[in-house]
Amino acid sequence: MYKPSKTILTAGPSISSLELKYVMDAAKNGWNEEYDKYLQKFSEAFAKYIGVKYAWPTSSGTGALHSGLMAMGIGKGDEVIVPEITFVASANVVEYVGAKPVFVDVEKDVWTIDPKDVEKKITKRTKAIMPVHIYGNVSDMDPINKLAKKFGLKVIEDACPSIGAEYKGKRTGNLSDVAAFSFQGAKIMVTGEGGMLVTNNADIYEKAKYWGNNAKHKTKAFWNDDIGYMYRMSNLLAALGLGQLERNDTFVTKKRKIFSWYKKRLGDIEGISMNVEKEGTKSIYWMSSIVLDKNFGFSRDELMMKLKEKKIDTRPFFYPLSMFTMWKEQKTPNAHHVGLNGINLPSGVNLKEEQIDYICNILRSILLS
Ligand SMILES: Cc1ncc(COP(=O)(O)O)c(C=O)c1O
């Protein structure tokens, strides 16, 4: 019987000799004439992978989201619709540009933006909708894009946790005006910190690069007409990213396998729900997760403590953003249920079936006792 010698973590990357080869090359030779060799290769390969025309590597997913909003001209007095369950950065970037994040509820089963609630929250000030492909689950994009068309709004996908996920045969990031991905260290593919802005729109691409690269003048060196931001990725990180991208499909397969191992062992437990893959979508199950839907006699946080004692690391779901003092008046019901009762289980791409077996045996003994 497997017993962990150290804590089983929620995430963790797989780094092979391929990535090391590219990074070594970038460290040794990636200067002067070759200063952007890997940045170019990474952006071209990433654009091809997602199926979009343009990709710009950034220093974070947050930077890509912020640059995307600026490129679309979202600013003071505008409203951007954001699901209430997401990482805080999705709402922060709306504030960065002086606009207001307006929260809508999530669908109770998939935990992604609820298009019905979106329609209710559209006002004269609404300029954009930001669906978030939370934990690798895919948002229902057709009704969102339909609403955007009807009301003349932009759509920006927060695709940070969904590299390789699909909606009706298209990859996430290729379903909107502009999208952002993250390669932060817990993501499916990593560069430590890092991100990518993708779009099919040449104007958005050029403007995002302008705002995210210190608003540099196109032709006149060291001349500026605007205050910009510094969101460029480094060539060294692009080398790591390129190697990771070339292996991302194997990571997606592994993440899907990990979820199937959990589902087989936990799927019959009454009172919990797990990630849902809606018809026509392909989730990457960035985080295999459970939500406690009934009162088990202990709280979500107590369950996490019990698991920790057994060397199982977990993460709470993102808190509903209206719990934060910055946005406290905008409470939505499903977001509160999911956000306060959800747990991300260990989901790193290096996990083995015997570890999932161990985790599920412990979970079953706690939840069914
Ligand atoms: C949903 C979501 N949005 C935005 C981000 C921000 O990405 P980053 O940490 O690369 O800035 C993350 C990842 O951390 C995320 O999960």
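Asker: I keep staring at the sheet that holds strand β14 (residues 342-344) and nothing clicks. Help me out?
Answerer: Working definition: the strands of a sheet are paired by backbone hydrogen bonds and lie parallel or antiparallel to each other. Pairing is antiparallel in the open sheet, where four strands are placed in the order β10-β12-β14-β13. The sheet is open, and its two borders are formed by β10 (272-274) and β13 (315-316), each paired with just one other strand. Across three bridges, the pairing between strand β12 (residues 289-292) and β14 is antiparallel. What sits directly across from Ser 289, in β14, is Asn 344. Set on the sheet, helix α10 (residues 300-309) makes contact with β12, β13 and β14; between it and β14 the angle comes to about 30°.

Asker: Looking at this structure, I do not really get the nonpolar core. What am I missing?
Answerer: In a soluble, globular protein the nonpolar side chains are often hidden away together inside. Formed by 106 residues in total, the largest nonpolar core has its most connected members in Val 80, Ala 128 and Ile 129. By residue number, the principal contributor to this core is helix α2 (residues 37-50), which donates seven residues. Two domains each provide a minimum of three residues to this core, namely domain 1 (17-246) and domain 2 (248-367). Those residues in contact with Ile 129 that lie beyond four places of it in its chain are Ile 81, Val 118, Ile 144, Leu 147, Ala 148, Leu 153 and Val 155.

Asker: It is not clear to me how the environment of Ala 148 should be interpreted in this structure. Could you clarify?
Answerer: Structurally, the position occupied by Ala 148 is in helix α6 (residues 141-151). For the pair formed by Ala 148 and Thr 112, sequence separation is 36 residues and the distance between their alpha carbons is 17 Å. Beyond its immediate chain neighbours, meaning those up to four positions away, Ala 148 contacts Ile 129, Leu 153, Lys 154 and Val 155.

Asker: Could you clarify how one ought to interpret the packing of helix α9 (residues 248-266) against helix α12 (residues 353-367) in this entry?
Answerer: Two quantities define a packed helix pair, namely the angle between the axes and the distance from one axis to the other. In the contact formed by α9 and α12, the axes pass within 10 Å of each other and the chain directions differ by 35°. Seen from above, α9 lies across α12 with right-handed handedness. For the pair α9 and α12, the contacting residues are Ile 258, Trp 261, Tyr 262, Arg 265 and Leu 266 in the first and Glu 353, Ile 356, Cys 360 and Leu 363 in the second.

Rules of the game
- Residues numbered from 1 in each chain as written.
- Predicted model: local features only at pLDDT ≥ 70, side-chain atom pairs only at ≥ 80, totals over all residues.
- Pairing = 2+ DSSP bridges.
- Helix = DSSP H or I, 4+ residues; strand = E, 2+ residues; numbered from the N terminus.
- Contact = placed C-beta atoms within 7 Å.
- Axes fitted to C-alpha atoms, helices over the stretch in contact; angles between N-to-C directions.
- Core = buried A, V, L, I, M, F, W, Y, C linked by C-beta atoms within 7 Å.
- Buried ≥ 20, exposed ≤ 12 C-beta atoms within 10 Å, placed from the backbone.
- Domains from an automatic or database assignment.
- Left-handed = near helix turned anticlockwise from the far one by under 90°.

Read these as geometric descriptors, not functional statements.
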